[in-house]
Each structure stands twice: as C-alpha cells, then as structure tokens.
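Structural overview for review
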Amino acid sequence: MKYSFKFIAFAILLLNFSAARAIINSNQFDIRHIGYAEGLSSQRVFSIVEDRYHAIWISTKEGVDRYNGQNIKKYTLPGTLYYGDMAGRAIRLLHNIKSGLWTYDNTGRVYHYSEEKDKFNISFYLRKYIKNGCVLNKFYIDKDGSFWFCTNYGLFKKVLNKSIKCLIPNKNINDIIQIGTTFYIGTSYGIYKIIRKRPRLFIKGVNTQTLYYDYQDRDLWIGTFNNGLFIANAHTPKLRAIKGQNTSFYNPIRAITYYDKSVILIGIDGGGVYAVDKRQNTIKKFMDAEDVTSTYLRGNGIYAVTKDSQGNIWIGSYTGGISALLRCEYPIRIFVHQHGNYNSLRNDNVNKIIQNTNGDIWFANDLGISIRKSSGTWCHISNNSVVVPL
C-alpha cells in the first residue's frame, strides 16, 4: 500500500545542533509575551526574581505579580501613599537565600513576604529616619543580615537592633554588591569600596548605574548611565571597555546578567538586550523591539534581565511587559501561520520542506511558497497557488 504524508497545521524543524550551541542566539528559544491580556498588573516592569519554589515574581508600577507558568496572581502592598508617591512609583524585588522574598519602592517602604499568610507586610520605612523625601534606589541584605539602603542622599546601613548609620553621605547611590567581606558601591560620581566599614573612592568619575561581579574571571562589570560598559579588576581601578559598543550603550545600562561561562547579557534602557561573548571579547545584539524575526521584544526600555534555574530568560521592559524566552532542550522551532504577521507561514497546510545551500528553508503550502531566510525573516512567492511536490 502506498502512503502519502502531508504536514498539517505546523512544521517542526530540528536545527543545526552544533551551531546553536556555539553562542547564544534568540532562535534557541521559544518566546512568550506576558502583558495585560495574560493578567500582568502593569506593562511597566522594574524587576524579576525566581523564588526557591521556581515561581517567577515580577514587580510593576502597580504592585507585585507571581507567575507559576500558567497563571498570574497579583499582590497589593499595604500602607498609605501620597498622590505624589503614586505618580512615579518604582517597585523592585529582592530574593535573599536566608530570609526569602522582599520588595521595596522608591519612597523607602520595604516589605517582606510571608509564605504562611501569602501576603506582604511592611517591615521598614526609610523616610521615618531620613527626611526631605529621600529616594530609595536599591535595597540590599548582606551575608550577616544587615540592611543597606542606596539613596539619593547617600548610603545607609541598618544592623539588627541598632540605629541606622550613614556610611557615604551626600552621594546618589545606585547599586551595591558584596564580594566576600568587601562591598562595591556604584554612585553617580564613581565607585566606592568598603573594607572593614571604611569607605574609599575606588574608581573616580564613572556615573555607575549597575554592578556585577564575575566570580569565574574575577572581573567587576560596570554599567554606566550614559558612557557604556566597562570591566575592572576588583583590586585595581583600571578600566577596560568592551569592544564593539554602539550608540545604544550611551543609554542607561539597567541589567548585567550571567547566562553561562561564555556569555553575559546586557539590558539597556532604550537599546534592547545585547550578548557579550567573554572569550571573543565581542558584543552582538541579542533581541530588541525592532527585530523583524518572530522572536522580538515589545519594548526596548529594558529594566530587568533574569535567567532562571532552567536556563530560561525573563526580560522586563518599561512599556512592553514581560518577554519570556523559554529554552529549547534541543533546538526545535514550531512554525505556524500567524494572522496578519508577514513573518510567518502563509498557510499551515505544508506539502514539502527543503533547505538550500544558503540555509534558507522553503515551505511549499496551499497558498504558495513561504521562505524562511537564514536571517530569520520571511518572504513569500507563488501566492494563492497550491504548491505540491512532483
């Protein structure tokens, strides 16, 4: 008996395995956009963390959302806010291995999540101690459980059962990281180093937005507000710039995220997401809102880039909600017709698939031939014709 096989509704292609593993590529992921329609409280996303149960927590302008892979649950934060506080409110998250999930906003309110009661309780209000409308840029808990507050009035520390102390006064503090017993403080005027409670200026004149320490290479990564991306040795203040930075890197660098031993992801407010190949010392655009392929962002104002325990990448933007890049264990793509989207199959009834020497994939279908180019873009020929193999 003779059998004929027809691909109906979708085509699944196994892409070149070795090429996909060579360097990170958006084609290694299936993308899922999460916004208002999926239950997100706001399209304006500030931070993303994964908890010990592998749920994804998202902070937005309106509050905190928890996503379990299927559903979103919204959490409101207690307390009375003034009208002026609501207008420019920025809510961020911190997950601490010992004490769990925390959230805080720019007005200085710090909340702790109770797993037992499944709600957030206010734990600390910074403006009770610092007047004149201080802005909380970053809240951090060190290895001893002490609270650190990065504000526009300086750096403050609160040890349990002790009064709050100012360690660096009159500086706009944006970020803090701890390496062993040493702290690195990113400010609008440079980077400070705190050893044995004594701060000193480590790198002068760098308007620092984001800090990240690469334990593998022992490098301090520095994302600036408007002057690009740099790397420094944690012990010497000499800076070296990453090659290949374009004008996007003159926007605020909001996220520096480890992906694997070779790749660091960079989230830029106004520039999308870039991938740095540490071994080759090169930069390439990973994903943005102008991408004409099927894997694109819904906003370029990137505030958060998080890699979860399964290797998925969660990207949060100022206007586009969440873009979740779900890693394929093997590089498999599912191509389907998407109504109104030129960069998709013309028709789901696929009769033949071939690939040419340029890496372009040709799909013969009931409405013509759809060609997916190696660049990821699509074109269509023989429109409105049923194309079958001879």
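Each value, and the rule that gives it
- Residues numbered from 1 in each chain as written.
- Predicted model: local features only at pLDDT ≥ 70, side-chain atom pairs only at ≥ 80, totals over all residues.
- Heavy atoms only, no water.
- Helix = DSSP H or I, 4+ residues; strand = E, 2+ residues; numbered from the N terminus.
- Buried < 20%, exposed > 50% of the residue type's maximum accessible area, 1.4 Å probe, protein only.
- Pairing = 2+ DSSP bridges.
- Axes fitted to C-alpha atoms, helices over the stretch in contact; angles between N-to-C directions.
- Phe/Tyr/Trp six-rings, centres within 6.5 Å; stacked < 30°, edge-to-face > 60°.
- Lys NZ or Arg CZ within 6 Å of the ring centre and 35° of its normal.
- Polar contact = N/O pair within 3.5 Å; in protein donor to acceptor, adjacent residues only side chain to side chain.
- Contact = heavy atoms within 4.5 Å.
- 1 Å grid on protein atoms, 1.4 Å probe; cavity = no way out; pocket = protein on both sides within 12 Å on 5 of 7 lines; lining within 4 Å.
- Points joined across faces, edges and corners; volume = space filled by probe spheres on them.
- Nonpolar A, V, L, I, M, F, W, Y, C, P; charged D, E, K, R; others polar.
- Salt bridge = Lys/Arg side-chain N within 4 Å of Asp/Glu carboxyl O.
- Core = buried A, V, L, I, M, F, W, Y, C linked by side-chain atoms within 4.5 Å.

Topic: unusual backbone geometry
Of note in this structure, Asp118 is not a glycine but carries a positive phi near 55°. Position of Asp118 relative to the elements: it lies in the loop between β10 (109–114) and β11 (119–125). Of the residues examined, Asp118 reaches a relative accessible area of 22% and is grouped as partly exposed. In this model, Asn281 sits at a positive phi of 55°, which is unusual for a non-glycine residue. Relative to the helices and strands, Asn281 is located in the loop between β26 (272–277) and β27 (282–287).

What about the sheet that holds strand β21 (residues 219–224)?
The strand order β20-β21-β22-β23 describes an open sheet built from four strands, whose pairing is antiparallel. Edge positions in the sheet fall to β20 (208–214) and β23 (239–241), since each has one partner strand and no second. Ignoring strand direction, the axes of neighbouring strands in this sheet form an average angle of 30°. Bridging between β20 and β21 involves six bridges; their strand directions are antiparallel. Bridge pairing in β21 places Leu211 opposite Ile222.

Observations concerning the packing of aromatic side chains
Counted by the stated rule, this structure contains 28 aromatic pairs. Seen in terms of ring centroids, Tyr75 and Tyr113 are 6.0 Å apart; in terms of plane orientation they differ by 90°. Their pairing is edge-to-face. Residue Tyr75 is found in strand β7 (residues 72–75), and its partner Tyr113 is found in strand β10; the two are separated by 38 residues along the sequence. Sitting over the face of the ring of Phe202, Lys193 holds its NZ or CZ atom 4.9 Å from the ring centroid. A cation over an aromatic ring shows up here: Lys307 above the ring of Tyr259, its NZ or CZ 4.9 Å from the ring centre.

Some words on the side chain of Ser370
Following the sequence through the fold, Ser370 ends up in strand β34 (residues 368–372). Overall, the relative accessible area of 0% leaves Ser370 in the buried class. One polar contact links Ser370 to Asn365, side chain to side chain, over a distance of 3.3 Å. If we skip the residues at most four places from it in the chain, Ser370 touches Leu345, Arg346, Ile361, Trp362, Phe363, Asn365, Trp378, Cys379 and His380.

A closer look at empty space enclosed by the protein
Per the counting criterion, the structure on display carries one cavity of 30 Å³ or more. What the largest cavity holds in volume is close to 30 Å³. Taken together, Leu297, Arg298, Gly299, Ile315, Ser317, Gly320, Gly321, Ile322 and Ser323 make up the full set of residues lining the largest cavity. The set of elements that each furnish at least two residues to the lining of the largest cavity consists of β29 (313–317) and β30 (322–327). The residue inventory of the lining of the largest cavity, partitioned by class, reads three nonpolar, five polar and one charged.

Section: the pattern of salt bridges
Under the defined criterion, the tally for this structure stands at 12 salt bridges. The shortest N-O distance in the salt bridge between Lys73 and Asp118 comes to 2.3 Å. Of the two residues, Lys73 sits in strand β7 while Asp118 sits in the loop between β10 and β11, which places them 45 residues apart along the sequence. In this structure, the salt-bridge partner of Asp105 is Arg89, at a minimum N-O distance of 2.9 Å. Of this pair, Asp105 sits in strand β9 (residues 100–105) while Arg89 sits in the loop between α2 (83–87) and β8 (91–96); the two residues are 16 residues apart in sequence, bridging distant segments of the chain. The burial state of Asp105 is the same as that of Arg89; both residues are buried. The network of salt bridges with common partners includes Asp214, Asp217, Lys278 and Arg279.

A look at the nonpolar core
With 16 residues, the main nonpolar core has Ile24, Leu265, Val273, Phe286 and Ile313 as its most contacted residues. Secondary structure elements with two or more residues in this core: β25 (263–268), β26, β27, β28 (302–307) and β29. Apart from the residues within four sequence positions on either side, Ile313 is in contact with Ile24, Phe29, Tyr259, Leu265, Phe286, Val305, Thr306, Ser323, Ala324 and Leu325.

Comments concerning the side chain of His380
Following the sequence through the fold, His380 ends up in strand β35 (residues 378–381). There is a polar contact of 3.4 Å between the side chain of His380 and the backbone oxygen of Ser344. Here Ser370 takes part through its side chain, which lies 2.9 Å from a polar atom of the side chain of His380. Setting aside residues up to four positions removed in sequence, His380 forms contacts with Tyr342, Ser344, Leu345, Arg346, Ile369 and Ser370.

Some thoughts on the environment of Gly301
Mapped onto the secondary structure, Gly301 falls in the loop between β27 and β28. Judged by relative accessible area, which is 13%, Gly301 ranks as buried. Considering only alpha carbons, one finds Gly301 and Asn251, 50 residues apart in sequence, at a separation of 9.6 Å. What Gly301 contacts, discounting residues up to four positions off in sequence, is Ile268, Asp269, Gly270, Gly316, Ser317 and Tyr318.

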